[in-house]
Structure formats: structure tokens, C-alpha cells
Amino acid sequence: MSAEIVQYVAQTGPFLTAALGAYGVGVLTRTESAAVEATANVGRRMLQAVWRRRDQEGRAALETAVQDAADEPEDADAAAALRQQIKRALREDEELLRELVGLLPAGSGPVTVTASGERSIAAQTISGVAITGDNATVQP
């Protein structure tokens, strides 16, 4: 399995969880709702894209995995089974990966931030002043 598929499926977790929480089992057939948060709508679009690209057998397997994950939202095995269905679909349809990656919001990929050195700080973004060191002050 390609590293790209594994990375993508790892990124989808929050979107799928939000979609199942907002839509439940109806996630595969519901339309977007303005009242539902953007994360849930992205997860819904992801699952529907996978659904559309599967054959009858693949759709049945995906529907079962969605049903189980929606019925037991805290069950890690159910979530893993759903992720496995998505991985299978991605392995069988190269174009699907490009379509699904396009659904992810910008900046939702993995971020690595490294702090190196004594008393260093690390942040993805700093929207203000970051002061480090002993007795550091900000001069007006």
C-alpha cells in the first residue's frame, strides 16, 4: 500500500468522525447542510465520493462499515473497519485518491514542528510576540 494512501487515511479521521456524528448512517445519501459544521460536510463528501466509485459489493461493504461506525462511535474497531474500506477503495482506484485529497481543506495535512536547543519554543504559527530567555522584555 502506498505511503500516500496511508497518510491520507490518517488525515481523514476527524472528518469522518464529524460526518458520522452529524449525519449518522444517512451520511452516504444526505445532502450538505448549512447547519452542519464544515468538517462534517467534508467527511460526508469524502464518504459519498468513495460510495459513488464502488461497485455493488464495495458499496455494501462500505455501508456496513459506516453503519457499524455510526452505531458505535467509541468503538475503535468499527472506525478501523471503515478506514480499511476506504484504503481498499483507494488501492483499487488511483483517481479516487486525487479526488479525495482535493476535498481536504488547505493546511489539513500533517505538520511537524521541532524545537531545538535549551529553552527553545516551537509553534506552527505565532500570531503575536514570542519571548524566550531569562528576563526577556518587550520594548515599546
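Residues numbered from 1 in each chain as written. Predicted model: local features only at pLDDT ≥ 70, side-chain atom pairs only at ≥ 80, totals over all residues. Heavy atoms only, no water.

> Just to check I follow, could you spell out the pattern of salt bridges for this structure?
Tallying each qualifying case throughout the model produces five salt bridges. We note a salt bridge from Glu 92 to Arg 54, for which the minimum N-O separation is 2.6 Å. Residue Glu 92 is found in helix α4 (residues 76-92), and its partner Arg 54 is found in the loop between α2 (38-53) and α3 (56-71); the two are separated by 38 residues along the sequence. Relative accessible area serves as the criterion here: at 54%, Glu 92 is assigned to the exposed category. A residue is classified by how much of its surface remains accessible, and Arg 54, at 12% relative accessible area, is buried. Put simply, Arg 52, Arg 53, Asp 93 and Glu 99 are held in one network by salt bridges that share partners. (Salt bridge = Lys/Arg side-chain N within 4 Å of Asp/Glu carboxyl O. Helix = DSSP H or I, 4+ residues; strand = E, 2+ residues; numbered from the N terminus. Buried < 20%, exposed > 50% of the residue type's maximum accessible area, 1.4 Å probe, protein only.)

> Quick question: what am I supposed to make of helix α5 (residues 94-103) here?
Residue pairs spaced three or four apart in an α-helix point in one direction, given the helix's 3.6 residues per turn. When we look at burial in α5, the residues that qualify are Leu 96, Leu 97 and Leu 100. Angular distribution of buried residues about the axis of α5 spans 100°; they occupy a single face of the element. Exposed and oriented more than 90 degrees from the buried face of α5 are Glu 94, Arg 98 and Gly 102. Elements in contact with the buried residues of α5: α1 (3-23), α2 and α4. Capping of α5 at its N-terminal end is provided by Asp 93; its side-chain oxygen lies 3.2 Å from the backbone amide nitrogen of Glu 95. (Arc of directions from axis to C-beta. Contact = heavy atoms within 4.5 Å. Polar contact = N/O pair within 3.5 Å; in protein donor to acceptor, adjacent residues only side chain to side chain.)

> Help me out: how do you make sense of the environment of Thr 12 in this one?
Summarising the element assignment, Thr 12 is placed in helix α1. Looking at Thr 12, the relative accessible area reads 1%, which means it is buried. Sequence separation of Thr 12 and Arg 83 is 71 residues, and the distance between their C-alpha atoms is 8.7 Å.

> Please clarify how α2 should be interpreted in this entry.
Compared with an ideal rise of 1.5 Å per residue, which puts 16 residues at 22 Å, α2 spans 23 Å between its outermost C-alpha atoms and is within 8% of the ideal. Ala 40, Asn 41, Val 42, Gly 43, Arg 44, Met 46, Leu 47, Gln 48, Ala 49, Val 50 and Trp 51 are the residues of α2 that are buried. Residues of α2 that are buried sit in contact with α1, α3, α4 and α5. (Expected span 1.5 Å × (residues − 1).)

> Just checking my understanding: could you explain the side chain of Arg 54 for this structure?
Engagement of the side chain of Arg 54 in a polar contact is seen with the side chain of Glu 92, the distance being 2.6 Å. Once residues within four sequence positions are removed from consideration, Arg 54 is found in contact with Arg 59, Arg 88, Ala 89 and Glu 92.

> I tried to follow the side chain of Asp 93 on my own but got confused; where do I start?
Here Asp 93 is to be found in the loop between α4 and α5. A distance of 3.0 Å separates polar atoms of two side chains, one belonging to Asp 93 and the other to Arg 53.

> How should the nonpolar core be read in this particular structure?
Across soluble globular proteins, nonpolar side chains show a tendency to be buried alongside one another. In this structure, Tyr 8, Leu 82, Leu 90 and Leu 100 are the most contacted members of the largest nonpolar core, which totals 25 residues. Here Leu 82 is in contact with Leu 20, Leu 47, Leu 62, Ala 65, Val 66 and Ala 69, once residues within four sequence places are set aside. (Core = buried A, V, L, I, M, F, W, Y, C linked by side-chain atoms within 4.5 Å.)

> For this particular structure, what's the right way to read the layout of surface pockets?
To find the voids left in a structure, one rolls a probe of water-molecule size over its atoms. One number sums up the size of the largest pocket: a volume of about 240 Å³. As for the largest pocket, its lining consists of 15 residues, of which Thr 17, Leu 20, Ala 69, Pro 73 and Ala 79 are closest to the centre. Counting only elements with at least two residues in the lining of the largest pocket, the list comes to α1, α3 and α4. Looking at the lining of the largest pocket element by element, the count peaks at five residues for α1. Looking at the lining of the largest pocket residue by residue, the classes come out as eight nonpolar, three polar and four charged. (1 Å grid on protein atoms, 1.4 Å probe; cavity = no way out; pocket = protein on both sides within 12 Å on 5 of 7 lines; lining within 4 Å. Points joined across faces, edges and corners; volume = space filled by probe spheres on them. Nonpolar A, V, L, I, M, F, W, Y, C, P; charged D, E, K, R; others polar.)

The values reported here are purely geometric and, on their own, carry no functional implication.
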